[in-house]
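So the chains spell out like this:
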Amino acid sequence: MRWIWIDRFEEFESGKRAVAIKNVSLAEEHLHDHFPGRPVMPNSLITEGIAQTGGLLVGEYHAFEKKVVLAKLPKAVFHFPVVPGDTLRYETTVDYIKDDGAMVTAVARVGDKVQAELEVVFAHLSDDDRTKSLFEPKNFVFTLKLLGVFDVGRKQDGSRLTEPAGLLKLEEELKAAGT
Amino acid sequence: MPSQNEVFEKVQSVLCEALGVDEDEVSPEATLVGDLGAESIDFLDIVFRLEKAFDIKISRGELFPEDVLTSTDYVANGKVTETGIAELRKRMPFVNLDNFAKNPNVKDFGTLLTVQDMVRFVETKLPK
């Protein structure tokens with residue numbers, strides 16, 4: 001995942017709930033076009049950040065062995081515009097995780113005000129060559145570390161979240177190969 | 001056991017939430033795919049909401065018997081065979097297959113399910 005629309009995880013409870021924050025800054029170029037003279041964080045990118053928070057929550061549950069993609073937004077309600085200087089807090093809660101897909105309910109807040117309410121359905125893609133090249137597991141190793149998932153993460157039994165064995169192995173292989 | 005009307009009302013609200021349609025569009029005769037615009041991913045969503053609303057468990061394939069429709073035992077030249085129709089009737093007694101049986105193109109199967117079929121389906125899952 002190179003397109004990252006969250007800054008850091010604050011809470012991560014495997015298979016249950018994850019909270020991430022996104023700081024909105026005028027240094028972000030897109031805000032100068034959306035809109036000239038009136039910068040507003042696009043709700044589509046808030047949706048993407050929520051989908052990333054919830055998508056990583058679902059993916060981690062499967063140890064990143066399933067290819068999790070955003071499939072549907074049964075609900076997406078936005079209450080007010082988000083502007084530079086705001087910190088968005090994305091709170092996602094798992095409704096279900098099944099073999100063929102998953103759903104999370106999400107709330108975005110700025111301070112204590114609810115900015116957005118979403119339901120996000122994810123599908124699990126089948127394993128074929130096309131999806132393989134889209135989902136390189138090495139991307140997840142770096143993304144999860146970058147976002148601090150293992151600093152705050154907890155497994156379902158309350159113990160500390162660790163890297164999935166498959167990803168650890170891959171990371172060692174990458175190190176050995178010098179990449 | 002809830003009355004058929006109570007079941008219908010809950011199914012109706014599930015379909016409104018999952019498909020973003022208005023209550024008056026969800027008539028008993030409306031087809032999920034043709035009239036209400038359901039796509040394959042919506043069935044995942046609908047199944048979850050039905051499970052939650054009625055406290056039931058729905059297994060994969062109960063609402064859409066993919067295994068039958070892709071099996072060479074039951075399908076020939078893009079049409080469901082007589083054995084296949086018999087299997088579908090057994091597996092999905094809540095669906096009226098009479099019209100489908102006249103010209104059983106596999107590709108048309110997905111458009112069969114009506115709101116009333118869903119109500120009948122839920123009723124088969126509720127404790128008697």
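Quick caveat, the model's predicted, so the values are computed rather than measured.

Some remarks on the domain arrangement of chain B
Residue and element names in this part refer to chain B.
Then, in step 1: Along its sequence, chain B is carved into domain 1 (1–57 + 111–128) and domain 2 (65–109).
Then, in step 2: Computed over C-alpha atoms, the centres of domain 1 and domain 2 are 22 Å apart.
Then, in step 3: Across the boundary between the two partners, domain 1 contributes six residues, which contact seven residues of domain 2.
Then, in step 4: Carbon and sulfur atoms supply 68% of the area that domain 1 and domain 2 bury against each other, a total of about 650 Å² over both sides.
Then, in step 5: Scanning the region where domain 1 abuts domain 2 turns up zero salt bridges.
Then, in step 6: For the pair domain 1 and domain 2, the number of links is four residue pairs in polar contact (both at pLDDT 80 or more).

Points about the side chain of Glu91 of chain A
Residue and element names in this part refer to chain A.
Then, in step 1: Topologically, Glu91 is positioned in strand 4 (residues 87–97).
Then, in step 2: Only 3.1 Å separates the side chain of Glu91 from the side chain of Arg109, close enough to count as a polar contact.
Then, in step 3: Once you skip the residues sitting within four places of it in the chain, Glu91 turns out to touch Ala18, Val19, Thr105, Ala106, Val107 and Arg109.

With respect to the layout of surface pockets
Then, in step 1: In this structure, the largest pocket encloses a volume near 900 Å³.
Then, in step 2: Lining the largest pocket are 33 residues, with Asp100 of chain A together with Ser40, Phe43, Arg60 and Glu66 of chain B sitting closest to its centre.
Then, in step 3: Put simply, the parts of the chain that give the lining of the largest pocket at least two residues each are strand 6 (113–125) of chain A together with helix 2 (40–54) and helix 3 (66–69) of chain B.
Then, in step 4: Tallying contributions element by element places helix 2 of chain B first for the lining of the largest pocket, with five residues.
Then, in step 5: When residues of the lining of the largest pocket are sorted by domain, at least three fall in each of domain 1 (1–57 + 111–128) and domain 2 (65–109) of chain B.

Looking at the pattern of salt bridges
Then, in step 1: Within the structure shown, the criterion is met by 21 salt bridges over all chains.
Then, in step 2: One salt bridge connects Glu163 of chain A with Lys145 of chain A, and the closest N-O pair in it is separated by 3.4 Å. Residue Glu163 of chain A is found in the loop between strand 7 (153–154) and helix 6 (165–176), and its partner Lys145 of chain A is found in helix 4 (residues 137–146); the two are separated by 18 residues along the sequence.
Then, in step 3: Between Asp67 of chain B and Arg91 of chain B there is a salt bridge whose closest N-O contact spans 3.0 Å. Placement of the pair is Asp67 of chain B in helix 3 and Arg91 of chain B in helix 4 (residues 82–91), with a sequence separation of 24 residues.
Then, in step 4: Assessed through its relative accessible area of 44%, Asp67 of chain B is described here as partly exposed.
Then, in step 5: Take Arg91 of chain B: its relative accessible area is 31%, and that puts it in the partly exposed class.
Then, in step 6: Within this structure, Lys72 and Glu119 of chain A together with Glu17, Asp42, Asp45 and Arg49 of chain B form a network of salt bridges that share partners.

Some remarks on the packing of aromatic side chains
Then, in step 1: Under the criterion given, the structure shown has six aromatic pairs over all chains.
Then, in step 2: With a centroid separation of 5.4 Å and 75° between ring planes, the pair formed by Phe9 of chain A and Phe12 of chain A is classed as edge-to-face. Phe12 of chain A matches Phe9 of chain A in its accessibility class, with the two residues each being buried.
Then, in step 3: Ring geometry for Phe100 of chain B versus Phe109 of chain B: centroids 5.3 Å apart, planes at 80°, classification edge-to-face.
Then, in step 4: Aromatic ring contacts, followed pair by pair, group Phe64, Phe100 and Phe109 of chain B into a single cluster.
Then, in step 5: One cation-aromatic arrangement involves Lys98 of chain A over Tyr96 of chain A; the distance from NZ or CZ to the ring centre is 5.7 Å.
Then, in step 6: Taking the ring centre of Phe80 of chain A as reference, the NZ or CZ of Lys113 of chain A above it sits at 4.9 Å.

Criteria and cut-off values
- Residues numbered from 1 in each chain as written.
- Chains lettered and ligands numbered in written order.
- Predicted model: local features only at pLDDT ≥ 70, side-chain atom pairs only at ≥ 80, totals over all residues.
- Heavy atoms only, no water.
- Domains from an automatic or database assignment.
- Contact = heavy atoms within 4.5 Å.
- Buried area = accessible area lost by both parts, 1.4 Å probe.
- Salt bridge = Lys/Arg side-chain N within 4 Å of Asp/Glu carboxyl O.
- Polar contact = N/O pair within 3.5 Å; in protein donor to acceptor, adjacent residues only side chain to side chain.
- Helix = DSSP H or I, 4+ residues; strand = E, 2+ residues; numbered from the N terminus.
- 1 Å grid on protein atoms, 1.4 Å probe; cavity = no way out; pocket = protein on both sides within 12 Å on 5 of 7 lines; lining within 4 Å.
- Points joined across faces, edges and corners; volume = space filled by probe spheres on them.
- Buried < 20%, exposed > 50% of the residue type's maximum accessible area, 1.4 Å probe, protein only.
- Phe/Tyr/Trp six-rings, centres within 6.5 Å; stacked < 30°, edge-to-face > 60°.
- Lys NZ or Arg CZ within 6 Å of the ring centre and 35° of its normal.

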